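# Architecture and fold: a report
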Amino acid sequence: MKNRMPKLFMQSGAEVKELRQKMRLNQFEFWGPLGVTQSGGSRYESGRDMPKPVQMLLHLAYAPERQAGAMMEYLRGRKE
């Protein structure tokens, strides 16, 4: 049985913006650790499509520990 990718924690820019604001982070502080520029993060938050790798990084960085762990297991190719 193939390991399935977990449902992504954040899928829309609106969800990401809401999380960032709840965390009281500016765009530079929120996006910077992911290697995304402030202007790139702003575009995603404004509705531009987010590439799957960016969504996966968001998941790893900001999802609850259990969800982030499930993504790591998926990326490593291990079965749960």
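This write-up is about the structure you can find in this document. (Residues numbered from 1 in each chain as written. Predicted model: local features only at pLDDT ≥ 70, side-chain atom pairs only at ≥ 80, totals over all residues. Heavy atoms only, no water.)

On to the side chain of His 59. Counting through the fold element by element, His 59 comes out in helix H4 (residues 52–62). Taking the relative accessible area as the measure of exposure, His 59 reaches 1% and is therefore buried. Separated by 2.9 Å, the side chain of His 59 and the backbone oxygen of Gln 67 make a polar contact. For His 59, the contacting residues outside a window of four places in its chain are Lys 7, Leu 8, Phe 9, Gln 67, Ala 68 and Met 71. (Helix = DSSP H or I, 4+ residues; strand = E, 2+ residues; numbered from the N terminus. Buried < 20%, exposed > 50% of the residue type's maximum accessible area, 1.4 Å probe, protein only. Polar contact = N/O pair within 3.5 Å; in protein donor to acceptor, adjacent residues only side chain to side chain. Contact = heavy atoms within 4.5 Å.)

Bringing the packing of aromatic side chains into the picture now. This structure, assessed with the given rule, holds three aromatic pairs. When the centroid spacing of 4.3 Å and the interplanar angle of 5° are considered together, the rings of Phe 30 and Tyr 62 count as stacked. Here the residue Phe 30 occupies a position in helix H2 (residues 27–31), and Tyr 62 occupies one in helix H4, the gap between them amounting to 32 residues. Given a relative accessible area of 0%, Phe 30 falls into the buried group. One aromatic cluster in this structure is built from Phe 30, Trp 31, Tyr 44 and Tyr 62. (Phe/Tyr/Trp six-rings, centres within 6.5 Å; stacked < 30°, edge-to-face > 60°.)

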